[in-house]
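Listed below are the residues making up each chain.
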Amino acid sequence: MTTMDQVLSQPLESGGRGPVTAARQRRTAIAYTAMCIVGYVPVLAGAPAGLQTFGLGLWLPGAGFLALGGAWSLLFPLVAAVFCVSCIAWFWAGMVVAPVTIWLGSALLAAAVSGDSIAASAPFTVPASALIAWSYFRVRTRRRRAAGQARFQARSSFVPRSWAEVRAQTAVRLDPAGRELSPDQVQFVRYALDRGLQPLERFDGFDVLDQFQPAALRYQLNHLGFALALYQTHYAPSFDGYLGQAQRNLIEKYLLRRVWSYWVYESCWGHLNFTDFDPVVRDNIMLTGWFGMHVGMYTMASGDKRYAEPGALTFRLNDRTAYVHDLHTIAESVAKGFERSDFCLFPCEPNWIYPICNHYGMTCLAAHDAAFGTSYVADHLLHWQEMLDREFTDDSGSYIGLRSEHTGIEAPFPAGEAGFAWFANCFAPERASRLWAVAREEIRPALHDDGSGVKRISLPGRGIDFGRYRFGHVADFATILLCAREFGEDDIAAGAERALELDCGVTREGGVKRYAVGSNLANALALQGTLCRTGDFRAVVVDGPPASVFAGPRLAEASYPEVLVAKAFSGDGESLELVLYPGGAPGAQTLRLSNLQPGRAYVADGRALVAGADGTASLEVTLSGRTALRISPRA
Amino acid sequence: MACCAFALFIVGQLLAAFDGVRRLVPFGLLGRPRLLAEPNPAAAWQLGMATVAAEPAHERFGRLGRGLAIAALFELVLLGAFLLLGSHDATAHLPDAAWCRRILP
């Protein structure tokens, strides 16, 4: 039985751990106990001081210096602090060797400087320190579990009602024929188009910090791609032109070595692999899952399947080495990762399994299934969800942030339902609506009057914009906006939009809207939220635009930024409806149409138009404010 | 999000801790906490515009100054520990400390 059979996930029975986690933690505990026993043998045997120091150093990082006594003891907290830093390096960049090196290295160093004997109290103080550390973590875990169980009880009281409300409101979707960008949305879409339409090797307008964690270029590229796929699917599905070019540029920028070469380093210090740096073969779902989803969404939105061709997504390391891939091999890598891992979910950086990145991975498979008729989701979802429930769900019923694959240890981070729900909606809509049923009730208390009679959201603390590691709530508001829109929660969405407008430095310069205090990643998220309406994100991944837009006339070319497209839609497969805005001064612009019936006569805004033998035609229009026109076959 | 929820958690803790320390250090030697998030030059970029202005020189020197202040504080802590614990030959107990004496004064 899975927790999907319950209204809310039940707290886990085996001490808050699934069987795989419990086995890994047992293995870790056995290894640690063995280290302690082996480390204490030299003390019992009266071995030379150096050996005793090294042995006691195995009990805790830096404990060797504690064993030396005197002023050397001052190095114990210092080494412990350095060990914490090495653990950060471990999950920040998959540097598995860092904590091991610090722990063993400090024990060796202490042994090297030891004198004739260790401190008399050392055989007691070192084990006592280990006991204190263990007790501290045990007490913290117990408190956290108790708090989680109390939260579970509180949630149980509102989830059935809330879940029913979410199901009802997500049943209503907008008519695709009536979708059109507002002028404000047009200005915000330009933010993504500007970044996508620059030359491939340029990253102007991106935050360029580290390439390991959330500010990495790859995540910015992915989310800008998601935003443009939303725009194309729901507002301009009959538009190729610069919209297609911008999306392809974002995909092809991803293939540049500077974007993915972090994997060269992580392979070396995480997998101890110094020869094969193929980013698609092992772990690295933060690349395969995200990028596969990105390319899959482009494929669905545009109907363009070029990236499924062999070698279309080749990662070139240097003149001699290239890792040849395409959308199929990337999806296959994700599916194989699920099959190979004991946890089913598999790591991003070597060792660390993030449920959120595995949601991107499953969404990648959903997009691939929709585009190519495969059955990856049907083949893997049931087991994947069982493992998610058993191994990655805490006592409150929430998914945990991450777990160590090697040790089974969970990092104590409260991952929120809102961060998972919109992905889950792409492959498990029932579960997704349950996640949002929890999130909406816990977010709603943050809605309040902004003093002018309008509701806004306020969040505690200063927040962190993970796209540039600065304080700020832009990404938080953007995530809430996107998720609320996806599940038709209009009051919360409006509150998040209001908060963005009031707190996040909104500016509109040169016809482009942006949140000045936000990172590029946070702006991309906010754009997604601005474009999304009920069920839109799921629709990009699993439905794509209506078939009529691929059968009917298409807007093939228009100048950017002179011609801004608020709507391009063919609802009947024969005519084309356009709503355009001038990007600068009003005036005449030339459009190029394609996919017309060769030789057929059309009427465009009262003027006659005849398609060429190749099904194309040019059309001159005068843009002044909102300009609507319809191109339809002459009766 | 990102795959990096725990990273954010840790970074958040570090930022918050550093922010707390900054408030305690007099004269803003470690920089003054900003009450509002600062604008991001990357987000200001638009296609066709001139390159966003580079970071002003005084900002760069400000960061350098703060780095030096941190280093100076660290040195003061070490000096304090030295005065507190007294001076002694840390290698005296080593039977053959030649390798160590080569790098210690």
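Residues numbered from 1 in each chain as written. Chains lettered and ligands numbered in written order. Predicted model: local features only at pLDDT ≥ 70, side-chain atom pairs only at ≥ 80, totals over all residues.

Could you give an account of the overall build of chain B, with specific residues and numbers?
Counting secondary structure elements, chain B contains four helices and zero strands. Going from N to C terminus, chain B has its helices and strands arranged as α-α-α-α. (Helix = DSSP H or I, 4+ residues; strand = E, 2+ residues; numbered from the N terminus.)

Describe the domain arrangement of chain A, naming the residues involved and giving the relevant values.
All names here are of chain A. Domain parsing of chain A yields domain 1 (141-542) and domain 2 (548-633). Distance between the C-alpha centres of domain 1 and domain 2: 33 Å. Taken together, the contact pairs 19 residues of domain 1 with 22 residues of domain 2. Counting only elements with at least two residues in the side of domain 1 that touches domain 2, the list comes to helix 7 (183-196) and helix 9 (241-254). Sorting elements by how many residues they give to the side of domain 1 that touches domain 2 places helix 7 first, with four residues. (Domains from an automatic or database assignment. Contact = placed C-beta atoms within 7 Å.)

I'd love a proper account of the packing of helix 4 (residues 75-93) of chain A against helix 5 (residues 97-112) of chain A, names of residues and values included.
All names here are of chain A. Where helix 4 meets helix 5, the closest approach of the two axes is 7 Å, and the angle between their N-to-C directions is 160°. Classified by the interaxial angle, the pair formed by helix 4 and helix 5 is roughly antiparallel. At the point where helix 4 passes helix 5, the crossing takes the right-handed sense. Contacts between helix 4 and helix 5 involve V79, V82, F83, S86, C87, A89 and W90 from the former and A98, P99, I102, W103 and S106 from the latter. A breakdown of the residues in the contact of helix 4 with helix 5 according to their chemical character gives 10 nonpolar, two polar and no charged. (Axes fitted to C-alpha atoms, helices over the stretch in contact; angles between N-to-C directions. Parallel < 35°, antiparallel > 145°, perpendicular 65-115°, else oblique. Left-handed = near helix turned anticlockwise from the far one by under 90°. Nonpolar A, V, L, I, M, F, W, Y, C, P; charged D, E, K, R; others polar.)

I'd like a description of the sheet that holds strand 4 (residues 402-404) of chain A, backed by residues and values.
Residue and element names in this part refer to chain A. What the three strands build is an open sheet, ordered 3-4-5; its pairing is antiparallel. The open sheet is flanked by strand 3 (352-353) and strand 5 (410-411), the only strands paired with a single partner. As paired strands, strand 3 and strand 4 are joined by two bridges and run antiparallel to one another. Within strand 4, the residue paired with I353 across the bridge is R403. (Pairing = 2+ DSSP bridges.)

Account for helix 15 (residues 376-391) of chain A, with residues named and values stated.
Every α-helix carries 3.6 residues per turn, so stepping three or four residues along brings you back to the same face. Residue and element names in this part refer to chain A. The end-to-end C-alpha distance of helix 15, which contains 16 residues, comes to 22 Å, matching closely the 22 Å that a straight helix rising 1.5 Å per residue would cover. A maximum bend of about 30° is found in helix 15 at L382. Turning to helix 15, its buried residues are Y376, V377, W384, M387, L388, D389, R390 and E391. Those residues of helix 15 that are buried lie in contact with helix 1 (19-45), helix 13 (327-340) and helix 14 (355-372). (Expected span 1.5 Å × (residues − 1). Bend = angle between axes of the 7 residues up to and from the residue. Buried ≥ 20, exposed ≤ 12 C-beta atoms within 10 Å, placed from the backbone.)

Report on the pairing of strand 10 (residues 506-509) of chain A, specifying residues and quantitative values.
One ladder, built from four bridges, connects strand 10 of chain A with strand 11 (residues 512-515) of chain A; its direction is antiparallel. Looking at strand 11 of chain A, one finds that V506 of chain A is bridged to Y515 of chain A.

Lay out the pairing of strand 17 (residues 607-610) of chain A in plain terms, naming residues and giving numbers.
In terms of strand pairing, strand 16 (residues 601-604) of chain A meets strand 17 of chain A through four bridges, oriented antiparallel. By the bridge assignment for strand 17 of chain A, A601 of chain A is matched with V610 of chain A.

For the environment of F206 of chain A, give the residues involved together with the corresponding values.
Counting through the fold element by element, F206 of chain A comes out in the loop between helix 7 and helix 8 (217-234). By the C-beta count within 10 Å, which is 22 here, F206 of chain A ends up buried. Once the C-alpha coordinates of F206 of chain A and L521 of chain A are considered, the two residues, 315 residues apart in sequence, prove to be 8.3 Å apart. Setting aside chain neighbours within four positions, we find F206 of chain A in contact with R195, L217, Q220 and N520 of chain A together with A42 of chain B.

Describe in detail the sheet that holds strand 12 (residues 554-557) of chain A, supporting the description with residues and values.
Residue and element names in this part refer to chain A. Ordered by their spatial adjacency, three strands build an open sheet running 12-15-18, and the pairing between neighbours is antiparallel. Because the sheet does not close on itself, it has two edges, and the strands there are strand 12 and strand 18 (617-623). Strand-to-strand twist of the sheet, defined as the mean angle between neighbouring strand axes without regard to direction, takes the value 50°. With seven bridges connecting them, strand 15 (residues 587-594) and strand 18 associate as antiparallel partners. In the sheet register, R592 faces strand 18, and the bridge partner there is S618.

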